[in-house]
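# Geometric and topological summary
What follows is each chain in one-letter form.
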Amino acid sequence: MKLIKGAFALAVLLTTSLTAVAAEQKMPVQNFSFKDIDGASHQFSEYKGKWVIVNYWATYCGPCIAELPVLNSVAKRFKDKVVILGMEAGETPTEELKQFVEQKKIAYPVIPTQDSTMFALGLLYGVPTTFVVNPKGEIEGTHMGAVSSAMLQNYLRADNKATASKDKDTHCTSDVC
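Let us look at the structure shown here. (Residues numbered from 1 in each chain as written. Predicted model: local features only at pLDDT ≥ 70, side-chain atom pairs only at ≥ 80, totals over all residues. Heavy atoms only, no water.)

### Remarks on the side chain of Thr129
Considering the arrangement of structural elements, one finds Thr129 in strand β7 (residues 129-133). Among the polar contacts made by the side chain of Thr129, one reaches the main-chain carbonyl oxygen of Gly126 at a distance of 2.5 Å. (Helix = DSSP H or I, 4+ residues; strand = E, 2+ residues; numbered from the N terminus. Polar contact = N/O pair within 3.5 Å; in protein donor to acceptor, adjacent residues only side chain to side chain.)

This is how it looks when you write it as structure tokens:
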């Protein structure tokens, strides 16, 4: 019995250690192509050097619609530092999607459902699901459910603190320090 308990404890410790190591390693996003709502072609690699918030959503999803003002606000407020990509995952026809975008005054690129985008950053278990990609092109975090402005800004604040600690002469004057 002691041998079984010891083996179990060792397995738990090993699993916990591997999970902690995996959590520290950030997953790089592989480049992929997609077309925006107007049919223009893009590469994900175009956004390297900026934070990219990839939000999978659907027009019929209540929590997705509830988070639109947050995403709009972050897109406008941090336009020089952040790109938000609204990956529509509900297979809404393009013309209907364009009307929805206009009605809701969405201020960031909306990407209709495409094979190339659906699992480009990882598995989707539902919408909304948001992936936060750092300026190096690595997945910094994933969130299932509606996001808040504070949640998204925490990533930017952490980035500013890390940058400031590397350069002691830097004085942060932005509103995200």
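### Overview of helix α2 (residues 62-77)
End to end, α2 covers 24 Å across 16 residues, agreeing with the expected 22 Å (1.5 Å per residue, within 8%). Leu68 marks where α2 bends most, by close to 35 degrees; the proline Pro69 follows one to four residues later. (Expected span 1.5 Å × (residues − 1). Bend = angle between axes of the 7 residues up to and from the residue.)

### Notes on unusual backbone geometry
For the bond from Val127 to Pro128, the omega torsion is -5 degrees, close enough to zero to count as cis. One non-glycine residue, Glu91, lies in positive phi territory at about 55 degrees. Relative to the helices and strands, Glu91 resides in the loop between β5 (82-88) and α3 (94-104). Positive phi, normally seen in glycine, also occurs at Lys105, with a value near 55 degrees.

### Points about the pairing of β5
Of all seven residues making up β5, seven are buried, and the element is well covered by its neighbours. Residues Val82, Ile84, Gly86 and Glu88 point to one face of β5 and Val83, Leu85 and Met87 to the other, with burial holding for every one of them. Inspection of the sheet shows strand β4 (residues 51-57) paired to β5 by seven bridges, in the parallel sense. Within β5, the position partnered with Trp57 by the bridge is Glu88. (Buried < 20%, exposed > 50% of the residue type's maximum accessible area, 1.4 Å probe, protein only. Pairing = 2+ DSSP bridges.)

### A word on the environment of Glu46
Inspection of the secondary structure puts Glu46 in the loop between β3 (41-43) and β4. When the C-alpha positions of Glu46 and Asn31 are compared, they lie 9.1 Å apart, and in sequence the two are 15 residues distant. Here the side chain of Glu46 touches His42 through a polar contact of 3.4 Å, side chain to side chain.

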